[in-house]
Amino acid sequence: EGMDPPTRILFPPEKICMVWQKRQSAAPGLFNVDNTCFLNAVLQCLTYTPPLANYLLSRKHSQNCHKQGCCMMCIMESHVNSALRSPVSVILPLSVLKVAIWSGEHFQPGREEDAHDFLCYILNAMQRACLSASSDLDISSESTTVVRQIFGGFLRSRVTCFSCQAISDSYEPFLDVPLDIKGASSLTGALRDFVTPEQLDGENCFKCSRCKKNVAASKRFTVHCAPRILTVCLKRFDYFTGGKISKVVQYPEFLDLRPYMSQTDGEPLYYALYAVLVHRGANCHEGHYYCYTKASNGLWYLMNDDSVELGCIDTALKQQAYLLFYAR
């Protein structure tokens, strides 16, 4: 509602499968090569994202790929097939390392990088690969790639003029939702803060098209189109000071997104947690990343670089989470 429909459908939504096609235990661990724990943790979370893994295991992308040069979808397809079909206990994510780190174009070798930055990089690179054969697409059509149909949604920004009550809506695509946790002790509390209206006045006045002048107004974000995979970043790092918010932020195994939608009426919109990425350390410039993931056999595993150990949901829910992955 309120958005222009896509003029082209790049990937049929009915072909996205949210349920694992094969049940198996956890896949191999990943070698840490000179501070690459951030990369390993993100790769493991993506590998255990059911609709993405189902698509990449089918090898449908590489069968039809005509992209010249580096294609992140082909690279991820190769990695996920190696990870989920390998008989060994540890593998080296060589192709991902080559393009992301050893090329020196994106992340510096040996430097402690940010896992959320790497997640954004790899999802955007996969999205660009899906669009390589298309041009002059509207924003709604760009959101019909397999990547955006899995991870993507839309936020609505609604500004309401206090003088004439005129409403101005704009829509912004997203692949993850960063949440401020300074004043929140739980994920649901951070989501409530996210959708709480902000007052625009003083230097931040709103230029109302009806009043023809700067006026006081309210601005409110809501989730307008919900993603199949909801990725949440709990904003723990202050990149100006390097400091970290280390407090406990509670998060549930099952989340109802309906209260934070533009349309709050209707059936609950339930999501189930399947991966938790954790940062251990005092600040953003040092520390260690690892993750808890739910494999296709329904069991939870602690994945810490080359180590893969059986875990449990109770332990996964008690972590100092940085990234949370929920499946609809």
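As the structure is a computational prediction, the values presented were derived from the model and not from experiment. (Residues numbered from 1 in each chain as written. Predicted model: local features only at pLDDT ≥ 70, side-chain atom pairs only at ≥ 80, totals over all residues. Heavy atoms only, no water.)

Description of the overall build of the protein
Reasoning step 1: Along its length, the protein carries 10 helices and 16 strands.
Reasoning step 2: For 328 residues, the compact-globule estimate of 2.2 N^0.38 gives 20 Å, and the protein sits close to it at 21 Å.
Reasoning step 3: If you line up the protein on its principal axes, its C-alpha atoms span 65 × 45 × 40 Å.
Reasoning step 4: Looking at the protein as a whole, 50% of its 328 residues qualify as buried.
Reasoning step 5: Residue pairs in contact within the protein that sit at least 24 positions apart in sequence constitute 68% of those at least 6 positions apart.
Reasoning step 6: Split by element, the accessible area of the protein, about 15,500 Å² in all, is 49% carbon and sulfur.
Reasoning step 7: Positive and negative side-chain charges of the protein, numbering 32 and 31 respectively, have mean locations separated by a distance of 4 Å. (Helix = DSSP H or I, 4+ residues; strand = E, 2+ residues; numbered from the N terminus. Rg over C-alpha atoms; globule rule 2.2 N^0.38 Å. Buried < 20%, exposed > 50% of the residue type's maximum accessible area, 1.4 Å probe, protein only. Contact = heavy atoms within 4.5 Å. Areas by Shrake-Rupley, 256 points an atom, 1.4 Å probe, with all protein chains shown as cover. Lys, Arg positive; Asp, Glu negative; His and termini not counted. Charge placed at Lys NZ, Arg CZ, Asp CG, Glu CD.)

Let's talk about helix H9 (residues 187-195)
Reasoning step 1: Those residues of H9 that sit buried are Leu187, Gly189, Ala190, Leu191 and Val195.
Reasoning step 2: Close packing links the buried residues of H9 with strand S5 (177-180), strand S9 (217-225), strand S10 (229-235), strand S11 (254-256) and strand S16 (321-327).

Regarding the packing of aromatic side chains
Reasoning step 1: In the structure shown here, the tally under the stated rule is 11 aromatic pairs.
Reasoning step 2: Seen in terms of ring centroids, Phe38 and Phe107 are 5.9 Å apart; in terms of plane orientation they differ by 50°. Their pairing is tilted. Pair noted here: Phe38 is in helix H1 (residues 37-47) and Phe107 is in the loop between helix H5 (94-102) and helix H6 (115-130), with a separation of 69 residues, a long-range link. Comparing Phe38 with Phe107, the two get one shared label, buried.
Reasoning step 3: Through a chain of ring-to-ring contacts, the aromatic side chains of Phe38, Phe107, Phe118 and Tyr121 assemble into a single cluster. (Phe/Tyr/Trp six-rings, centres within 6.5 Å; stacked < 30°, edge-to-face > 60°.)

Digging into the UniProt feature "domain: USP" (unreviewed entry) in the protein
Reasoning step 1: Residues annotated in UniProt with the feature "domain: USP" (unreviewed entry) correspond here to residues 28-328.
Reasoning step 2: Helix makes up 29% of residues 28-328 and strand 29%. Its end C-alpha atoms lie 26 Å apart. (UniProt positions renumbered as here; feature names shortened; annotations may be inferred.)

Section: the sheet that holds strand S3 (residues 153-161)
Reasoning step 1: Read across the open sheet, the 4 strands follow the order S4-S3-S9-S6; overall the sheet is antiparallel. Taken across any chain shown, the strands that pair with only one partner, and hence form the sheet edges, are strand S4 (167-174) and strand S6 (198-200). Put simply, the sheet's adjacent strands are angled 30° from each other on average, direction ignored.
Reasoning step 2: Note: S3 against S4, 8 bridges, orientation antiparallel. If you follow Arg156 over to S4, its bridge partner there is Tyr171. (Pairing = 2+ DSSP bridges. Axes fitted to C-alpha atoms, helices over the stretch in contact; angles between N-to-C directions.)

Quick look at the side chain of Ser157
Reasoning step 1: Locating Ser157 in the fold gives a position in strand S3.
Reasoning step 2: When sequence neighbours within four positions are dropped, the list of residues in contact with Ser157 reads Ser168, Asp169, Ser170, Lys219, Arg220 and Phe221.

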